[in-house]
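Secondary and tertiary structure notes
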Amino acid sequence: MKAGNIRKGMQVLDHRGTLHGTVDATKGDRLRVMKRGVTGPEGHWMPVTAIEWVDHAVHLLQGASDVGVGAISGSAAGAKQLPRHPAESGKRPWYRIPLPWFVGLATLALAGLVAMNAMRGGTGSATQRGAAGVALPGGHSVAIAPGGLEDDLQRFLASTEPAPRIFTLKAFDFAEGEATIPPGATGELHTLAGILAAYPRAHVEVVGYADVPKNVRVAVDVQAAAELGRRRATALAAALIAAGAPGKAIEPVSGNDPDYIDSITPATAKDAGDRHPDLIVTRK
């Protein structure tokens with residue numbers, strides 16, 4: 001396609017589709033362009049090699065809008081044909097893709113991120129709404145929701161308030177008779193591990209409980225209840241360590257062990273029927 005295919009008065013668009021000017025004249029393999037907002041005989045010449053394609057308008061290559069014939073006339077001599085329109089070769093420039101396609105792709109990507117966060121988050125996790133990054137000692141940083149359990153734990157460990165202090169882990173609602181970490185507690189698990197890793201001098205007890213109130217002693221059930229509490233505590237402690245918490249700082253304890261029950265004070269006794277595990281900071 002020769003420059004003769006370009007007609008006077010055609011719009012000249014830059015690579016973003018913005019109006020650059022209009023065609024004033026053509027001569028051989030060059031065309032004179034009157035820039036947008038310029039009146040009178042002044043204009044600048046450019047070779048057909050500065051053109052990406054021609055349809056209802058002349059579309060310039062990126063960077064060609066600011067280049068005149070003086071800079072690129074040397075390449076114009078060998079220019080005999082205009083580049084083909086991308087549609088002729090089955091291709092379409094990214095900036096010509098319809099806007100609804102971009103909106104659809106962005107919506108799908110956002111939905112995927114939300115779904116991933118929901119899978120990671122779970123009840124009481126740091127991915128809940130309002131969570132923000134909190135800088136911890138040693139260069140650590142975690143996302144913590146203000147006013148939540150993790151926020152309380154972090155503030156307590158950073159304070160001068162003396163130990164011990166009990167934190168009940170409501171997100172870890174074990175299935176009856178089971179010691180498997182609930183999938184919905186994954187987010188809180190990693191947040192707790194990150195906080196404990198930032199305070200390696202702290203020592204905590206992870207207390208697991210059975211499905212019966214620990215202050216109810218039935219002779220035939222005491223041993224089984226103590227064992228279930230121990231398995232739950234051990235599973236939770238192992239999961240925290242695997243998530244990055246320091247192993248030497250965590251001690252798993254069965255809250256249904258008769259010896260443990262006798263060692264605690266009434267003020268620290270758990271409410272009857274509450275089988276959620278406790279995290280007890282015994283040393284800071």
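Reading the values: the criteria
Residues numbered from 1 in each chain as written. Predicted model: local features only at pLDDT ≥ 70, side-chain atom pairs only at ≥ 80, totals over all residues. Heavy atoms only, no water. Buried < 20%, exposed > 50% of the residue type's maximum accessible area, 1.4 Å probe, protein only. Helix = DSSP H or I, 4+ residues; strand = E, 2+ residues; numbered from the N terminus. pLDDT = per-residue confidence, 0-100. Contact = heavy atoms within 4.5 Å. 1 Å grid on protein atoms, 1.4 Å probe; cavity = no way out; pocket = protein on both sides within 12 Å on 5 of 7 lines; lining within 4 Å. Points joined across faces, edges and corners; volume = space filled by probe spheres on them. Nonpolar A, V, L, I, M, F, W, Y, C, P; charged D, E, K, R; others polar. Salt bridge = Lys/Arg side-chain N within 4 Å of Asp/Glu carboxyl O.

What follows is about helix α3 (residues 149-158). The buried fraction of α3 amounts to 7 of the 10 residues, a majority that puts the element mostly inside the structure. Every buried residue belonging to α3 is among L149, E150, D151, L153, Q154, F156 and L157, and all of these are buried.

Bringing the confidence of the model for the protein into the picture now. Looking at the protein, the pLDDT average stands at 75 and 65% of residues meet or exceed 70. Averaged pLDDT values over the elements of the protein bottom out at 36 in helix α1 (residues 69-76) and peak at 96 in strand β10 (residues 203-208). A low-confidence stretch, residues 69-92 (pLDDT under 50), is modelled with 38 contacts involving residues beyond four sequence positions or located in other chains. Note that pLDDT drops below 50 for residues 117-129; the model gives that stretch 22 contacts with residues more than four away or on any other chain.

Another point: empty space enclosed by the protein. By rolling a water-sized probe across the atoms, one finds the places where empty space is left. Scanning the model with the defined rule gives 2 cavities of 30 Å³ or more in all. In this structure, the second largest cavity spans a volume of roughly 30 Å³. Lining the second largest cavity are L196, Y199, A202, H203, V204, P246, A249 and I250. When the residues that make up the lining of the second largest cavity are grouped by side-chain class, the tally is 7 nonpolar, 1 polar and no charged.

Quick look at the pattern of salt bridges now. Inspection of the entire model under this criterion finds 6 salt bridges. Notably, a salt bridge pairs R32 with D24, separated by 2.4 Å at the nearest N-O pair. Connected through shared salt-bridge partners, E227, R230 and D257 make up one network.

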